[in-house]
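For reference, the chains in residue letters:
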Amino acid sequence: MSKNLGAIGFIKSKLILILALIVTVLYLSNDFSIIDIRQTALIAAIGLDKSDGMYEASVQVAIPQATDQTASNSSAVLTGKGKTVGDALEQIGTSTGWYIKLSFCNLIVLGESLFDGDIMQPLDYFLRTDKIQDTARLCMAEKSAKDILSAKTPLDELSAFSVTKILEPDSESLSSIAATSVKEFAMGYYSESGFSSMPIVKLTEAEGDNGGGNSASSSVDDVERKNAEFAFGNLRNGENSEETTFVSESGGGEKESSNEKSNIFDATSTVLFDKGVKKLVLEKDETLAFNMMTHPISEVSVEVPNIEYEGQNTTVFLTVKNIKNSIKLRFTGANPILELTLVTDAKLDDADVISDPGGLVKNYIVPDSVLTKLSEFFQNKIESVFEKARNVRTDIFQVKNRLYRTQNKYYENMKNNILKDVKISVKVKAKSYR
């Protein structure tokens, strides 16, 4: 018996040794997806525009440079044209000899020229391809997507980094920005309601900027600059294909123009779509109301005008927390009613009045008059947003989706007219917190 146990133990030890050997061989033979930086263009963002029936794809590329304190990273914007989005991107690679690596791309910017028809037509490429993640942030440029990627920023080397930070799903500023991804946009597009949205990114000149981008970095060494130009096929000297152009950026190192200004980005406006067709633009306060009813927001700052406070008519600044929203579709007989409920806590942070220092503790409790005005402010904004969207046949609160999922017995008879027939009931309750 003991001999059998010893034989079994010997066999087990041999198997473990063989298994360890196999794992070691597999480990040492794997290239771990190592990127050859000399032949690979790491894409930080993609911009799409359209002109003369051709797609113009712009990609922002990070060019590796020295990492010491006397040099900075630089970037480039490459552009290719094609009859399809895939063809335009492929043109960049074939014209430069660099392999376009899209797996690090977290931002897709769509130019205004794409919004004349169904926006899903150019976006379809990003759903089909496995070269880019479908969680990439999606936004519309106020004008040209290429302008967004070519913009200088005061803090980041790449404009793509600045825009992506604004649109991150865990950003504290998300309450006033209706951020979305390729996947989320497509889910809305193919839903029963056909509703989807994305933020509009606008360029704003940075105040107090003296030009030249990020002044914290010194100039890039001439040799490194020439090497970068050579790596991209001497594109500056016109040796590239007619379908590809090159724009260099030095993110703050090399100043190509002493008068060039830095820019910051505003993404508080939102464009709404019905089945991929642009219908309506929401401004900042309307975007805030839309987000508070449709997104999980933990905290938001709100400025409410024309409030009677401390005996004066003034504007107050409040912090709103513990936000709970609810949207329900119910029927009273054959009449559909959409119930939107918003419950919040509020704290008064500032008002354009001089308060008695002895009453500061008392002021932690927000007066009922201010809470009432805050509730009315949100209620009016929510109702206004819904009616504006309904007037252009856009299902902003996805009534048709709710009809299909929760009131399916009415769906076939009411699906075509539900948005027109539904009545809206908005209830907002704001209370003070310490």
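As the structure is a computational prediction, the values presented were derived from the model and not from experiment. (Residues numbered from 1 in each chain as written. Predicted model: local features only at pLDDT ≥ 70, side-chain atom pairs only at ≥ 80, totals over all residues. Heavy atoms only, no water.)

1. A short note on the environment of T319
So the rule is basically this: Put simply, DSSP H or I for four residues or longer makes a helix, DSSP E for two residues or longer makes a strand, and each gets a number counted from the N terminus. Throughout, a residue-residue contact means that at least one pair of heavy atoms, one from each residue, lies within 4.5 Å.
In this structure, T319 sits in strand β13 (residues 312–332). For the pair formed by T319 and V302, sequence separation is 17 residues and the distance between their alpha carbons is 6.3 Å. Setting aside chain neighbours within four positions, we find T319 in contact with E299, V300, S301, D345, A346, K347, D349 and Y433.

2. A short note on helix α2 (residues 85–96)
For clarity, the cut-off: To estimate how far a helix should extend, the number of its residues minus one is multiplied by 1.5 Å.
In this model α2 runs 17 Å from its N-terminal to its C-terminal C-alpha over 12 residues, within 8% of the 16 Å that 1.5 Å per residue would give. Looking one or two residues past α2, G97 carries a phi angle of roughly 80°, positive in sign.

3. Considerations on the side chain of E286
Applicable threshold: For this analysis, a polar contact is any N or O atom pair within 3.5 Å, provided that within protein one partner can donate a hydrogen and the other can accept it, and provided that sequence-adjacent residues contribute only side-chain to side-chain pairs.
Tracing the backbone shows E286 in helix α8 (residues 284–294). In terms of polar contacts, E286 uses its side chain to reach the backbone amide nitrogen of E283, at 2.9 Å. Residues within four places of E286 in sequence aside, it is in contact with V281, S384, V385 and K388.

4. So, the environment of I307
Locating I307 in the fold gives a position in strand β12 (residues 299–309). Note: C-alpha distance between I307 and S369 (62 residues apart in sequence) is 7.9 Å. If near-sequence neighbours (up to four positions away) are discounted, I307 is found in contact with Q312, N313, T314, V316, V370 and K373.

5. Some details on the nonpolar core
Quick note on the threshold: Here, the term nonpolar core denotes a set of buried Ala, Val, Leu, Ile, Met, Phe, Trp, Tyr and Cys residues that are joined through side-chain atoms within 4.5 Å. Burial classes follow relative accessibility: with a 1.4 Å probe on protein chains only, a residue under 20% of its type's maximum area counts as buried, one over 50% as exposed, and anything between as partly exposed.
Counting residues in hydrophobic clusters, the biggest one holds 51 residues, and the most contacted among them are F378, I396 and F397. At nine residues, helix α9 (residues 368–391) tops the list of elements feeding residues into this core. Discounting residues that sit within four places of it in the chain, F397 has contacts with F290, M293, T294, I327, L338, L340, I382, F386 and R402.

6. Looking at a negative patch on the surface
The following threshold applies: Surface patches are drawn from residues lacking salt bridges whose relative accessible area is over 30%; two like charges belong together within 9 Å, two nonpolar side chains (Val, Leu, Ile, Met, Phe, Trp, Tyr) within 5 Å. A 1.4 Å probe and the Shrake-Rupley method give the accessible areas. Residues count as covered only by the protein chains that appear here. Definition used for salt bridges: Asp or Glu carboxyl oxygen within 4 Å of a side-chain nitrogen of Lys or Arg. All tallies of charge rest on Lys and Arg as positive and Asp and Glu as negative; His and the ends of each chain are not included. Every charge is mapped to an atom, namely NZ of Lys, CZ of Arg, CG of Asp or CD of Glu.
A cluster of acidic residues, E112, D116, E142 and D266, forms a negative patch at the surface. Within the secondary structure layout, D266 lies in strand β10 (residues 263–274). With relative accessibility at 30%, the residue D266 sits in the partly exposed group.

7. Comments concerning the confidence of the model for the protein chain
Convention followed: pLDDT measures how confident the predictor is about each residue, on a scale from 0 to 100.
Summarising the model, the protein chain shows a mean pLDDT of 78, and 74% of its residues fall at 70 or more. The element-level mean pLDDT for the protein chain is lowest in helix α7 (residues 222–231), coming to 42, with strand β11 (residues 277–282) highest at 94. Here residues 66–74 is modelled with pLDDT under 50, and outside its nearest four sequence neighbours on either side it reaches 24 contacts, counting other chains as well.

8. Considerations on the side chain of E56
By the element assignment, E56 lies in strand β2 (residues 54–63). If sequence neighbours within four positions are ignored, E56 has contacts with G47, L48, D49, S51, T79, G80, K81 and K146.

9. Some words on the sheet that holds β12
Note the following rule: In this description, strands pair whenever DSSP reports at least two bridges between them. To get an axis, a line is fitted to the C-alpha atoms, and for a helix only the part in contact is used. The angle between two axes follows their N-to-C directions and goes from 0 to 180 degrees.
The four strands are arranged β12-β13-β14-β15 in an open sheet whose pairing can be described as mixed. Each edge of the sheet is formed by a strand with only one pairing partner; in this case those strands are β12 and β15 (423–432). Across the sheet, the mean angle separating the axes of adjacent strands is 35° when strand polarity is ignored. As judged from the 10 bridges shared by strand β14 (residues 335–351) and β15, these two strands associate in the parallel manner. The partner of L338 across the bridge, within β15, is I424. Of the strands in this sheet, β12, β13 and β14 are in contact with α8, which crosses β13 at around 45°.

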